[in-house]
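Here is how the chains run, residue by residue.
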Amino acid sequence: MGNIPFVLSLVLVVLSSNFEVNFSVDTEQSALLALKTYLTDDPQNLLATNWSTATSICKWIGVTCGSRHHRVTALNLSGMGLKGTIPPHLGNLSFLASLNISRNSFYGSLPIELSNLQRLKYIDFGQNNFSGEIPSWFGSFTKLGSLILNNNKFTGVIPSSLGNLSKLEELKLFNNSLNGHIPAAIGNLSSLIELSLQTNQLSGPIPLSIFNISSLEQIVLGSNKLSAGHFSSYMFDNLPQLQFLGLRESQLSGRIPTNLFKCKELQFLDLFGNLLEGSVPAEIGNLTLLNILEISNNSFKGRLPTLPPSLNWLIVSENELVGEIPSSICNLSLLKSLDLAYNDLSGTIPQCPGNLSSTLLHVDLEMNNFHGTIPDHFPEGCSLRTFSVNSNQLERLMPRSLLNRRDLKIVDLGNNKLNGIFPNWLANLELQVLILRSHRFYGEIDNFEATFSFSHLQIIDLSDNGFTGHLPRKLFQKLNAIKDGNQKKAEANYMRDDYFFNQKVDYLVKFSYSQSVSIITKGLERVFVKIWIFFTAIDFSNNRFSGLIPEELGELHSLILLNLSHNSLTGPIPSLLGNLSMLESLDLSSNKLQGRIPVLLKNLIFLAVLNLSDNDLSGPIPRGNQFDTFTSSSYNENLGLCGFPLTNNCSEDLAPPARVFDEDDDVKTTFNWKFAVITGYGCGLIFGLSMGYIVFTCGKPLFFIKIIQRGQEKCFQMANIRRKLYN
């Protein structure tokens, strides 16, 4: 009988234990089902069909349970396209050690109940739309090894409490809207391996305590508003494992300290857009693992030193480097991108591209003082995609070995001293951009029967040469990329190539090269820092073309810029130009054009720049839409023109019809269905590229700004009319 109490106690313990387990499982099931109900979109129906009470939660997709207690220890819903908010019930998963909901569309703030998850070792909320401040209670997760919050909409400061996470190895807060200073407490994270805070609004100095964390392999703090000041002479003494250093646009000044080159593991160095000076240290050649060197847009002087043969990307543009390209450049057999643009380099371009043929993708040597010839030793199978030597002193003929560059997309040879007839053989390449401005080319342009015949071409600039004869109808007929359109503006992107560099480097998940070209319009040279993939342009100005403007131009419905000025073109302006529904800049000035301005040009509702001056046009100037935004300078030296904005009025028999504003009639006659789709977006992109990506290299663009403002106002008015009509 004495054992009865013991047996009863044991039974009670077992029953209590089973009750607790069942209660906990029910609680966890409720927490997960709450998450399911908080979703507003489950595009693949993964949770809708799989998370069912008919099966154990341990068998649900994305759920991992422990083998002992069968409690939820990991939740991984990454990349499922889910949309919704996080329920507070998720804080009841008390055994949770790993929580990964990255690459979804979760939004809202993080509920404080998540602070109950004290067993968490791994948190990845990256690539969502979370907002609000980063909670300070993250600092209470003493077991946490990874905190990944990148690519969200977090605001406020980085909480100093994160400095309590002594086991933290990975802190990724990049691509948010964080402000304030980087907390000095970050220097307490003695186990930290990766620190990625780039692309926020952080300000102030960089805490030097960070550089005492000897375990660090990645320090990426660039693209903030930091004021880092001078490089410290002992900054890199305690970073033997450092592999990636990204301090772009951090107001660093002075010289690169020599102790940086103690970091023998360094693979990636990005110091773009700082205030650094002095020479590029010769010790950089000792970094035998260096893959990427990005030190452009500084004030480095002197000559380029011998560089490590491990380099994949060499970007040192926009400095003050002098001298010749060192012959050792030919030893960089792994090089993918060579960008030495906007320096003061001289001498000849090394004739060694054959050594780099299997890897070299991008060459940009523009705005230097190179002379001699363009390298002519590109073997079959060359991988080159972009080639720019604009604004040098190169001469003679274009090398036919360009034909071996079958992947070549962008050729910018403008502003040199090349001569000869138009290189028709380039039509055998699938070029997208061809710039041959300001050379000594001559003769007629004809014969386009090659395999591709420029069917992929989006930008062609042959201005400032000596071309003669009629404008090339056959060429215009072949421009399928401009006829059919390329990319929708709503999906705008840049002409670029992306290459995975290292899966671990979130700063450069894709290291990309974006080509820039310059286009002359209205007498100003504009530098497009990056080329939008929808941007299209034809510039044949300042030549000796004669004859009529071909009607084939009216079939290029995606054309944005057309410049035929300063030639000897005759006849009328074709009415078919009114079909160029995307056109934003039209320059036909300084020709011998006659007749009236076609009324159909009123259909060009995105037209922001018009220059018809110095011709022999006559009759009334059309009224309505963008024509009401142009000043008299658009029509100078056309003595037969009359009407607004000129001071001479038209006689009654020449006057344009009075403008009676009627929403339905006016809209129907000036819009077609295409405009209804693109008006709203186009207003925001008057003149092709947002002004943030345009640099005017001479003069002040007040003329353009006024036109753009007036054009936007009118365009938005038309958009409102169209919206009323269709609603």
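Residues numbered from 1 in each chain as written. Predicted model: local features only at pLDDT ≥ 70, side-chain atom pairs only at ≥ 80, totals over all residues. Heavy atoms only, no water.

> Where do I start with the overall build of the protein chain in this structure?
Scanning the protein chain from N- to C-terminus turns up seven helices and 51 strands. Counting the 727 residues in the protein chain, one finds 55% classified as buried. Contacts spanning at least 24 positions in sequence make up 55% of the contacts within the protein chain whose residues lie at least 6 apart. Summing over all exposed atoms, the protein chain offers an accessible surface of approximately 30,200 Å²; the carbon and sulfur share of this is 50%. (Helix = DSSP H or I, 4+ residues; strand = E, 2+ residues; numbered from the N terminus. Buried < 20%, exposed > 50% of the residue type's maximum accessible area, 1.4 Å probe, protein only. Contact = heavy atoms within 4.5 Å. Areas by Shrake-Rupley, 256 points an atom, 1.4 Å probe, with all protein chains shown as cover.)

> Whenever I open this one, the sheet that holds strand S8 (residues 129-133) confuses me. Can you help?
Hydrogen bonds between backbone groups are what pair the strands of a sheet, and the pairing can be parallel or antiparallel. The mixed open sheet is built from six strands, whose spatial order is S1-S4-S6-S8-S10-S12. For this open sheet the edge positions go to strand S1 (39-41) and strand S12 (177-178), each flanked by a neighbour on one side alone. Bridge count between S1 and strand S4 (residues 83-84): two bridges; the pairing is antiparallel. Directly across from Leu39, in S4, lies its bridge partner Gly84. (Pairing = 2+ DSSP bridges.)

> Would you mind going over the environment of Ser131 with me for this structure?
In this fold, Ser131 is placed in strand S8. Separated by 45 residues in the primary sequence, Ser131 and Asn176 have C-alpha atoms spaced 9.1 Å apart. Residues contacting Ser131, with those up to four places away along its chain left out, are Gly108, Ser109, Lys153 and Phe154.

> In this structure, what is going on with the nonpolar core? I would like to understand it.
One broad rule of soluble globular proteins: the nonpolar side chains tend to lie buried together. Ranked by size, the top nonpolar core spans 166 residues in total, and within it Phe138 and Ile538 carry the most contacts. Elements with a minimum of two residues in this core: helix H1 (4-37), strand S2 (63-65), strand S3 (72-76) and helix H3 (473-478). The residues touching Phe138, leaving out its near neighbours within four places in the chain, are Leu110, Ile123, Phe125, Leu147, Leu149, Leu162 and Leu165. Core analysis: the second largest hydrophobic core is formed by 10 residues, Val433, Ile459, Ile560 and Leu561 among them. (Core = buried A, V, L, I, M, F, W, Y, C linked by side-chain atoms within 4.5 Å.)

> Any chance you could explain the pairing of strand S27 (residues 344-348) here in plain terms?
Across a regular strand the side chains alternate sides, sitting on one face of the sheet and then on the other. Judged from the two bridges that link them, strand S25 (residues 320-323) and S27 form a sheet pairing that is parallel. Directly across from Gly323, in S27, lies its bridge partner Leu345. Across three bridges, S27 lies against strand S29 (residues 369-372) in parallel orientation. In the sheet register, Thr348 faces S29, and the bridge partner there is His371.

> What is the right way to look at the pattern of salt bridges in this model?
Side chains that differ in charge, positive against negative, can pair when their charged atoms come close. Tallied over the entire structure, the rule returns 11 salt bridges. For the salt bridge of Glu28 with Arg71, the shortest nitrogen-to-oxygen distance reads 3.1 Å. Of this pair, Glu28 sits in helix H1 while Arg71 sits in the loop between S2 and S3, and the two are 43 residues apart along the sequence. Per residue, the accessibility class of Glu28 equals that of Arg71, and both read buried. Among the ionic pairs, Glu320 bridges to Lys301, the shortest N-O distance being 3.3 Å. Linking Glu320 in strand S25 with Lys301 in strand S23 (residues 299-302), this pair joins segments that are 19 residues apart in sequence. Through salt bridges with shared partners, one network takes in Glu170, Lys172 and Glu194. (Salt bridge = Lys/Arg side-chain N within 4 Å of Asp/Glu carboxyl O.)

> Quick question: what am I supposed to make of the packing of aromatic side chains here?
How two aromatic rings sit relative to each other is given by the distance of their centres and the angle of their planes. For the coordinates displayed, the defined rule picks out 17 aromatic pairs. Ring geometry for Phe138 and Phe141: centres 6.0 Å apart, planes at 70°, overall edge-to-face. Note on accessibility: Phe138 and Phe141 belong to one class, buried. Joined through ring pairs, the aromatic side chains of Phe422, Phe441, Phe454, Phe467, Phe476, Phe540 and Phe545 make up one cluster. (Phe/Tyr/Trp six-rings, centres within 6.5 Å; stacked < 30°, edge-to-face > 60°.)

> How do you make sense of the state of the cysteines when you look at a structure like this?
Linking two cysteines covalently via their sulfur atoms produces the bond known as a disulfide. For the structure on display, the rule yields two disulfides. Here Cys58 engages in a disulfide with Cys65; their sulfurs sit 2.2 Å apart. Every disulfide takes its handedness from the sign of the S-S torsion; for Cys58 and Cys65 that torsion is -95°, giving left-handed. Look at Cys58 and you get partly exposed, because its relative accessible area is 27%. Here Cys642 is linked by a disulfide to Cys650, with a sulfur-sulfur distance of 2.0 Å. Judged by the sign of its S-S torsion, about 100°, the bond between Cys642 and Cys650 is right-handed. (Disulfide = S-S within 2.5 Å.)

> Can you help me understand the side chain of Asn291 in this one?
One can find Asn291 in the loop between strand S21 (275-279) and strand S22 (292-294). Assessed through its relative accessible area of 16%, Asn291 is described here as buried. Of the polar contacts made by the side chain of Asn291, one reaches the backbone oxygen of Ser310; its length is 3.3 Å. (Polar contact = N/O pair within 3.5 Å; in protein donor to acceptor, adjacent residues only side chain to side chain.)

> Would you explain unusual backbone geometry in this entry?
What is expected of a backbone is that most residues other than glycine have negative phi and most peptide bonds are trans. Following Phe644, the chain continues to Pro645 via a peptide bond in cis, the omega torsion being 10°. The phi dihedral of Gln251 is positive, around 55°, even though this residue is not glycine. Structurally, Gln251 is set in the loop between strand S18 (244-246) and strand S19 (252-254). Positive phi outside glycine occurs at Glu637, with the angle close to 60°.

> Help me understand the pairing of strand S47 (residues 592-595), please; the structure alone is not making it clear to me.
Relative to S47, strand S45 (residues 568-571) is paired through two bridges, and the arrangement is parallel. Paired with Thr570 across the two strands is Lys592, which belongs to S47. Bridge count for S47 against strand S49 (residues 616-620) is two bridges, and the pairing is parallel. Residue pairing in the sheet places Gln594 in a bridge with Asp616 of S49.

> Which parts of the structure should I look at to understand the environment of Ser102?
If you trace the backbone, Ser102 turns up in the loop between strand S5 (98-100) and strand S6 (105-108). Judged by relative accessible area, Ser102 falls into the buried class, the value being 6%. Between the alpha carbons of Ser102 and Asn150 there is a distance of 9.3 Å; along the sequence they are 48 residues apart. In this structure, Ser102 is in contact with Leu77, Ser78, Gly79, Asp124, Phe125, Gly126 and Asn128, ignoring residues within four places of it in sequence.

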